Amino acid sequence: MLKVRDLKIHGLEPISFDLQCGDVLVVRGPSGSGKSLLLRAIADLDETSGSIFFDQMSKNDETAGNWRVRVRYLAAESGWWLERVEQHFTNVSAARSLGKDLALEDKLFDSPVAHLSSGERQRMAFIRAIENEPTVLLLDEPTSALDEETGKRMEDKIGFLQKSGVILIIVTHSNEQASRLATHVLTIKDGAARIESA
Amino acid sequence: MNYISLSYWDLALAAVLILANGLISLWFRLGLEKSLLVNTARMLVQLSLIGFVLKFIFAQTSSLWTIGWALLMILVAGREVMARMTTKLKGWWGYGIGTTTMFFVSSFTTLLAVGVIIGPDPWYAPRYILPILGMVLGNTLSGISLGLETLIMTLKRERSSVEARIALGHKRFEAINEPLRRALKTGMMPIINAMAASGIVSLPGMMTGQIMAGADPVEATKYQILIMFLIAGATASGTLLAVVGSAYRLTDDRGRLRLDRLV
């Protein structure tokens, strides 16, 4: 279970909520309202006040590295630091088989990162984010660069993770996607966040 | 020693050459006349004054004067590092990181060279300490400013890849490994290249000066080699300290990237 208590995001009233295993929280709100900041705060990428617990783990007591292995953030813009795609994965064969499910050709793994389209990079980054099985997954517009078909495949994968007990928090601008995935919705409006069941 | 002293008329004759700069600027409307005038005047005043200052300090057989002037040189070099950066660290760090680093590496190498290797009497002989410190500082300051500029620019540009690594649980210095290595390399490259060119393409200034003052060329090159080692060592260690120090400041104990600590 994920417990967020009095999390202070710049310009917003303190946010608190609980999520159980298998919950999918979709975060809605206008651009610049703090949706990405909320995800970043939960992954401990920005300095914030408030506390977050996952089962017995507390964000502030756990080492930052351990926390982020369990609570994994995937930014809207994917980041790469080595020449070829494959070099960014710890388990390349597992990554390649996940790639098939997301319609990524096998040879893309051997390509330089710069040769991939933004949609291909987005799917690759998703695979990288889930390869060592985080228990909380924070996705910032995970299908923004995908067409409808590959977006559906990504949603299938997300549904699969949900069934296996992963807690997901997803920022999306698509109403359809929100209604397909959400078990809970967090809406940011006028400086306050309101959470309700979908 | 067959040292030929220059008269002020000799200098006035050479000053005619600067007119070429002025004419080119006027002809092509480069608009450089004003800064040419101001900077020529600065050069004249600064160099003339330093001649008198050094003459005065050499005349005092006092370690205090030497050390005082050396400290002033270090402080000015630190300001120069800061002035060359397009983005710098907030607060005291902006000035402090370069200055502190240069204080340690330049005083260590200069004292090693003068106190242990050259060994003049007295050990603080300003005739040796101040020129060597000046050469060491001039080179470390460019290494440090290049290294810091590269670190900061790369971290800003590669923010998404650094933060992707942080989000994957990579440790503090692991996540910024690439920008860090690039910064160190950029800072150390000029001195490594300078060693390759020296002797054939460029006859370094200090050696040339000693030769013109009547020293044996072989003796002069020995001094130049010593200086090259001092500069290389000081630049490498100075760049390392300043870049790692800034990298430490631009991340925090939770492994986050802290670009908010830049001005």
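Residues numbered from 1 in each chain as written. Chains lettered and ligands numbered in written order. Predicted model: local features only at pLDDT ≥ 70, side-chain atom pairs only at ≥ 80, totals over all residues. Heavy atoms only, no water.

## Notes on the interface of chain B and chain A
So, point 1. Across the boundary between the two partners, chain B contributes 16 residues, which contact 23 residues of chain A.
So, point 2. Our count for the chain B to chain A interface comes out at four salt bridges.
So, point 3. Close ionic contact of Asp44 of chain A with Arg256 of chain B constitutes a salt bridge, the shortest N to O distance being 2.6 Å.
So, point 4. Top contributing element to the side of chain B that touches chain A by residue count: helix H6 (residues 159-167) of chain B, with eight residues.
So, point 5. Across the side of chain B that touches chain A, the residue classes tally to four nonpolar, five polar and seven charged. (Contact = heavy atoms within 4.5 Å. Salt bridge = Lys/Arg side-chain N within 4 Å of Asp/Glu carboxyl O. Helix = DSSP H or I, 4+ residues; strand = E, 2+ residues; numbered from the N terminus. Nonpolar A, V, L, I, M, F, W, Y, C, P; charged D, E, K, R; others polar.)

## Notes on the pattern of salt bridges
So, point 1. In the structure shown here, the tally under the stated rule is 25 salt bridges over all chains.
So, point 2. Lys157 of chain A is the partner of Asp101 of chain A in a salt bridge, and the nearest nitrogen-oxygen pair spans 3.0 Å. Residue Asp101 of chain A is found in helix H3 (residues 92-101), and its partner Lys157 of chain A is found in helix H5 (residues 148-163); the two are separated by 56 residues along the sequence.
So, point 3. By relative accessible area, Asp101 of chain A is classed as partly exposed at 38%.
So, point 4. Residue Lys157 of chain A is classed as buried on the basis of its relative accessible area, which comes to 13%.
So, point 5. Look at the salt bridges and you will find they share partners, linking Asp44, Glu47 and Lys59 of chain A together with Asp252, Arg254, Arg256, Arg258 and Asp260 of chain B into a network. (Buried < 20%, exposed > 50% of the residue type's maximum accessible area, 1.4 Å probe, protein only.)

## Quick notes on the packing of helix H3 (residues 63-84) of chain B against helix H5 (residues 126-157) of chain B
All names here are of chain B.
So, point 1. Close contact between H3 and H5 brings their axes to 9 Å; oriented N to C, the two are set at 20°. The orientation of H3 relative to H5 falls into the category roughly parallel. Handedness of the crossing formed by H3 with H5: right-handed. Contacts from Thr66, Trp69, Ala70, Met73, Ile74, Ala77, Glu80, Val81 and Arg84 in H3 reach Pro126, Ile129, Leu130, Leu133, Gly134, Leu137, Leu141, Ser142, Ile144, Ser145, Leu148 and Glu149 in H5.
So, point 2. Of the residues contributing to the contact of H3 with H5, the split by class is 14 nonpolar, four polar and three charged. (Axes fitted to C-alpha atoms, helices over the stretch in contact; angles between N-to-C directions. Parallel < 35°, antiparallel > 145°, perpendicular 65-115°, else oblique. Left-handed = near helix turned anticlockwise from the far one by under 90°.)

## Quick look at H5 of chain A
All names here are of chain A.
So, point 1. In this model, H5 (16 residues) spans 22 Å end to end at C-alpha, consistent with the 22 Å of a helix rising 1.5 Å per residue.
So, point 2. All of the buried residues in H5 are Thr150, Gly151, Met154, Glu155, Lys157, Ile158, Gly159 and Leu161.
So, point 3. In this structure, the buried side of H5 is in contact with H3, helix H4 (118-130), strand S7 (136-140), strand S8 (167-171) and helix H6 (175-181).
So, point 4. Phi for Gly165, located one or two positions after H5, is positive at around 100°. (Expected span 1.5 Å × (residues − 1).)

## So, the packing of aromatic side chains
The relative placement of two aromatic rings is captured by the distance of their centres and the angle of their planes.
So, point 1. Inspection of every chain in the model, using the stated rule, returns four aromatic pairs over all chains.
So, point 2. On the basis of an interplanar angle of 85° and a centroid distance of 4.9 Å, the ring pair of Phe56 of chain B and Trp65 of chain B is categorised as edge-to-face.
So, point 3. Of the residues examined, Phe56 of chain B reaches a relative accessible area of 38% and is grouped as partly exposed.
So, point 4. A cation over an aromatic ring shows up here: Lys3 of chain A above the ring of Phe53 of chain A, its NZ or CZ 5.8 Å from the ring centre.
So, point 5. Taking NZ or CZ as reference, Arg128 of chain A lies 4.3 Å from the ring centre of Trp80 of chain A, over its face. (Phe/Tyr/Trp six-rings, centres within 6.5 Å; stacked < 30°, edge-to-face > 60°. Lys NZ or Arg CZ within 6 Å of the ring centre and 35° of its normal.)

## Some remarks on a nonpolar patch on the surface
All names here are of chain B.
So, point 1. Nonpolar side chains collect at one region of the surface, where Ile67, Leu71, Phe103, Phe104, Leu111 and Trp123 lie side by side and expose about 580 Å² of accessible area between them.
So, point 2. For the nonpolar patch, the secondary structure elements donating two or more residues are H3 and helix H4 (92-118).
So, point 3. The dominant element in the nonpolar patch, judged by the number of residues it contributes, is H4, at three residues.
So, point 4. With respect to the helices, strands and loops of the structure, Phe103 is situated in helix H4. (Patch = residues over 30% accessible without salt bridge, like charges linked within 9 Å, V, L, I, M, F, W, Y side chains within 5 Å. Areas by Shrake-Rupley, 256 points an atom, 1.4 Å probe, with all protein chains shown as cover.)

## Side note on the confidence of the model for chain B
So, point 1. Summary statistics for chain B give a mean pLDDT of 93 and a share of 99% for residues scoring 70 or more.
So, point 2. Between the elements of chain B, mean pLDDT differs from a low of 89, seen in helix H9 (residues 205-212) of chain B, to a high of 97, seen in H6 of chain B. (pLDDT = per-residue confidence, 0-100.)

## Here's the deal with the pairing of strand S1 (residues 2-7) of chain A
Regular strands have side chains that alternate between both faces of the sheet.
Residue and element names in this part refer to chain A.
So, point 1. In the sheet, S1 pairs with strand S2 (residues 15-19) via four bridges, with the strands oriented antiparallel. The partner of Val4 across the bridge, within S2, is Phe17.
So, point 2. In the sheet, S1 pairs with strand S4 (residues 51-54) via four bridges, with the strands oriented antiparallel. By the bridge assignment for S4, Val4 is matched with Ile52. (Pairing = 2+ DSSP bridges.)

## Comments concerning the environment of Gly32 of chain A
So, point 1. For Gly32 of chain A, the position within the fold is in the loop between strand S3 (24-28) and helix H1 (35-42).
So, point 2. The spatial distance from the C-alpha of Gly32 of chain A to the C-alpha of Ile52 of chain A is 23 Å, given a sequence separation of 20 residues.

## Focus: the sheet that holds S1 of chain A
All names here are of chain A.
So, point 1. In space, the four strands of this open sheet follow the order S2-S1-S4-S5, with antiparallel pairing throughout. Bordering the open sheet on either side are S2 and strand S5 (57-58), each of which pairs with just one other strand.
So, point 2. Here two bridges tie S4 to S5, and the two strands are oriented antiparallel to one another. Directly across from Phe53, in S5, lies its bridge partner Ser58.
So, point 3. Against the sheet, H1 contacts S1, S2 and S4, and its axis sits at roughly 115° relative to S1.

## Describing unusual backbone geometry
So, point 1. Pro122 of chain B follows Asp121 of chain B through a cis peptide bond whose omega is -5°.
So, point 2. Counting through the fold element by element, Pro122 of chain B comes out in the loop between H4 and H5.
So, point 3. Phi is positive for Asp44 of chain A, which is not a glycine, with a value near 65°.
So, point 4. A residue is classified by how much of its surface remains accessible, and Asp44 of chain A, at 0% relative accessible area, is buried.
So, point 5. Not every positive phi belongs to a glycine, and Asp190 of chain A is a case in point at roughly 50°.
So, point 6. Within the secondary structure, Asp190 of chain A is located in the loop between strand S9 (184-189) and strand S10 (192-197).

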